[in-house]
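# Results of the structural survey
Here are the chains, one letter per residue:
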Amino acid sequence: MNPADTHPVMLGSLVPPSGVKPLNFSPGPTSLAAEVEAAIKALFDAERMCSMYLSHRSPEFLDILASVVQRCRAAMEIPDQYEILFMHGGGHGQFAAVPLNLCPNGDEKATYLVNGTWSKRALSEASKYCRPIVVSSENPDGTFTHNPSFAQLDPESRYVYLCSNETVNGIEMHQLPKLGIKAPLVVDASSDFSTKPIDWVGCNVGVLYACASKNLGHPGVTLCVIRKDLLGTPSQHCPGVLCYTTNVREGNLWNTIATFNVEVINIYLQWLIAQGGVHEMERRSIAKSAMVYNLIGSSEGFYGTPISDPSIRSRMNVPFDVAGGDEETTRDFLIQGWERGIVGLRTLTPFGVGKYLRASLYNGVSVHQVEVLVSFMAGFMKAARAKQVCR
């Protein structure tokens with residue numbers, strides 16, 4: 001084995017050399033903005049008891065819960081006809097929760113728009129609890145490089161499911177589609193929620209969920225937004241911890257809510273609103289991703305990305321290869337980046353590492369940090385080409 005293959009960065013380490021400040025481009029969990037991290041640390045110095053050990057039914061925590069619901073509604077312009085829940089189980093829990101809440105008999109049809117790894121996994125889980133109709137854009141080689149067709153969807157579908165940003169594949173719907181059928185839209189927005197505005201009513205959103213570890217906080221809580229008219233008819237097999245109707249009726253407190261995680265979301269949303277809100281986050285996302293894609297596009301093939309259509313390229317997760325995927329050059333790139341504190345471009349996943357690295361540019365990643373990444377990429381490319389000339 002090449003000794004370089006046992007280097008910490010090749011094993012997925014996110015800890016750079018001692019004394020080097022990390023710049024975390026991991027696909028998640030990821031870093032929070034510095035101001036948010038500082039506010040979280042202050043919780044442990046506050047006079048009142050930290051929410052990590054506050055009773056979830058205490059008046060102090062009830063104030064926090066009311067505040068985070070109000071801030072979330074204001075920040076994302078969520079209409080009154082939607083309920084907001086903070087649930088357990090992450091995105092994977094919602095893969096099951098959606099059909100269990102919306103398909104009471106278990107044999108109802110539901111359309112799944114499959115445009116990447118996570119929508120494909122959601123389909124697999126949902127097939128246990130409903131009758132999925134699959135509309136997929138998967139290529140013969142198993143890759144995803146475009147979105148499926150939205151035309152001629154089955155009007156008898158109980159809902160239409162999509163993932164608005166596929167982190168592994170680098171495909172994003174910058175605006176939710178208007179599908180033209182009565183079935184409500186169910187959206188996995190785990191990696192792009194709070195990075196762009198949502199047309200809740202115009203796009204017929206019925207359910208939207210987002211696990212917190214990308215753009216809301218840290219792992220352990222999942223935000224779920226449910227239209228009120230979809231409540232009241234869950235499957236009799238739906239466990240209470242995943243039941244929207246039960247959790248709305250109990251005011252988010254059917255069981256012990258993740259108190260500390262919820263307060264972190266409250267702090268995060270306060271920061272987001274102070275920064276200029278979701279529209280400012282979208283502006284930054286466009287600017288950050290454009291820097292990386294522009295460098296890739298001007299590199300004359302040294303860097304490549306699998307998504308050729310700019311209209312669906314993810315602003316959150318930019319997949320790219322180095323020197324056509326050459327292993328030695330990619331290894332050098334990762335090690336040199338790690339020595340400068342640039343981490344998270346290759347992480348261990350259930351799907352292997354693959355050809356492409358990923359730069360994840362969530363809200364907690366600043367414009368300046370992306371400038372550092374792009375500068376490193378440009379410098380590495382220049383040095384690699386000079387090395388080839390010397391040979």
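A brief look at the structure comes next. (Residues numbered from 1 in each chain as written. Predicted model: local features only at pLDDT ≥ 70, side-chain atom pairs only at ≥ 80, totals over all residues. Heavy atoms only, no water.)

### Remarks on the overall build of the protein chain
Note the threshold: The numbering of helices and of strands both runs from the N terminus, where a helix is a DSSP run of H or I of at least 4 residues and a strand a run of E of at least 2. Throughout, radius of gyration means the C-alpha value; the globule benchmark is 2.2 Å times the number of residues raised to the power 0.38. Residue burial is assigned from relative accessible area. The probe radius is 1.4 Å, only protein chains are included, and a residue is buried under 20% of its type maximum, exposed over 50%, and partly exposed in between. Two residues qualify as a contact provided that any one of their heavy atoms is within 4.5 Å of a heavy atom in the partner residue. Areas reported as accessible are Shrake-Rupley estimates using a 1.4 Å probe. Residue values count occlusion only from the protein chains shown. Residues scored as positive are Lys and Arg, those scored as negative are Asp and Glu, and His as well as the terminal groups of each chain are ignored. Positions of charges follow a simple convention, taking NZ of Lys, CZ of Arg, CG of Asp or CD of Glu.
Of regular secondary structure, the protein chain possesses 9 helices and 14 strands. The C-alpha radius of gyration of the protein chain comes to 22 Å, within 12% of the 21 Å expected for a compact globule of 391 residues. Each of the three principal axes of the protein chain carries a C-alpha extent, and together these read 70 × 60 × 40 Å. Residues counted as buried form 56% of the 391 residues belonging to the protein chain. Contacts spanning at least 24 positions in sequence make up 70% of the contacts within the protein chain whose residues lie at least 6 apart. For the protein chain, the exposed area adds up to about 16,800 Å²; of that, 53% sits on carbon and sulfur atoms. Averaging the positions of the 33 positive and the 36 negative side-chain charges in the protein chain gives two centres separated by 2 Å.

### Some words on the pattern of salt bridges
Heads up, the condition is: Each salt bridge in this description consists of a side-chain nitrogen of Lys or Arg and a carboxyl oxygen of Asp or Glu lying within 4 Å of one another.
One pass over the full model with this rule turns up 13 salt bridges. Across the salt bridge formed by Asp 199 and Lys 178, the nearest N and O atoms sit 3.7 Å from each other. A residue pair is termed long-range when its members are at least 10 positions apart, and Asp 199 in the loop between strand 8 (185-188) and strand 9 (205-211) and Lys 178 in the loop between strand 7 (171-172) and strand 8 qualify at 21 residues. According to the relative accessible area criterion, Asp 199 is partly exposed, its value standing at 36%. When the shortest N-O distance is used, the salt bridge between Asp 229 and Arg 227 registers 2.6 Å. Several salt bridges share partner residues, and in doing so they unite Lys 109, Asp 154 and Glu 156 into one network.

### Some remarks on the packing of helix 3 (residues 90-102) against helix 4 (residues 117-126)
To be explicit about the condition: Axis definition: a line fit to C-alpha positions, over the contact stretch in the case of helices; interaxial angles, taken between N-to-C directions, run 0 to 180 degrees. Reported orientations rely on four angle classes, namely roughly parallel under 35 degrees, roughly antiparallel over 145, roughly perpendicular from 65 to 115, and oblique for the rest. By definition, turning the near helix anticlockwise from the far helix through less than a right angle yields a left-handed crossing, and turning it clockwise yields a right-handed one. Residues are grouped as follows: Ala, Val, Leu, Ile, Met, Phe, Trp, Tyr, Cys and Pro are nonpolar; Asp, Glu, Lys and Arg are charged; every other residue, Gly included, is polar.
Contact geometry for helix 3 and helix 4: axes closest at 9 Å, N-to-C directions at 50°. Viewed along their axes, helix 3 and helix 4 adopt a mutual orientation that is oblique. The chirality of how helix 3 crosses helix 4 is right-handed. From helix 3, His 92, Phe 95, Ala 96 and Pro 99 reach across to helix 4, where they touch Trp 118, Arg 121, Ala 122, Glu 125 and Ala 126. The residue makeup of the contact of helix 3 with helix 4, split by class, is 6 nonpolar, 1 polar and 2 charged.

### Observations regarding unusual backbone geometry
Note that the residue after Gly 28, namely Pro 29, is joined by a cis bond; omega there is -5°. Along the chain, Pro 29 falls in the loop between strand 1 (23-24) and helix 1 (34-43). Backbone geometry at Gln 152 places phi at a positive 55°, although glycine is not the residue there. In this structure, Gln 152 sits in the loop between strand 4 (131-136) and strand 5 (160-163). For Ala 323, which is not a glycine, the phi torsion comes out positive at approximately 50°. Here Ala 323 shows up in the loop between strand 12 (317-322) and helix 8 (327-339).

### A short note on helix 2 (residues 59-75)
Counted only if it meets this: Given the number of residues in a helix, its expected span is that number minus one, multiplied by 1.5 Å. Each C-beta atom gives one direction from the helix axis, and the arc is the one those directions make.
Its 17 residues give helix 2 an end-to-end C-alpha distance of 24 Å, which sits within 8% of 24 Å, the value for a rise of 1.5 Å per residue. Those residues of helix 2 that sit buried are Phe 61, Ile 64, Leu 65, Val 68, Val 69, Arg 71, Cys 72 and Ala 75. Relative to the axis of helix 2, the buried residues are bounded by an arc of 165° and lie together on one face. Facing away from the buried side of helix 2, by more than 90 degrees, are the exposed residues Pro 59 and Asp 63.

### Some points on the packing of aromatic side chains
Stated precisely, the cut-off is as follows: A pair of aromatic rings is counted whenever rings of Phe, Tyr or Trp (Trp by its six-membered ring) have centres within 6.5 Å, and the orientation is called stacked for planes under 30 degrees apart, edge-to-face for over 60 and tilted otherwise.
Counted under the stated rule, the structure contains 13 aromatic pairs. A centroid spacing of 5.8 Å and a plane angle of 55° characterise the contact between Phe 44 and Phe 260, whose relative ring orientation is tilted. Of this pair, Phe 44 sits in the loop between helix 1 and helix 2 while Phe 260 sits in helix 6 (residues 259-275), and the two are 216 residues apart along the sequence.

Everything listed here is a matter of geometry and, on its own, says nothing about what the molecule does.
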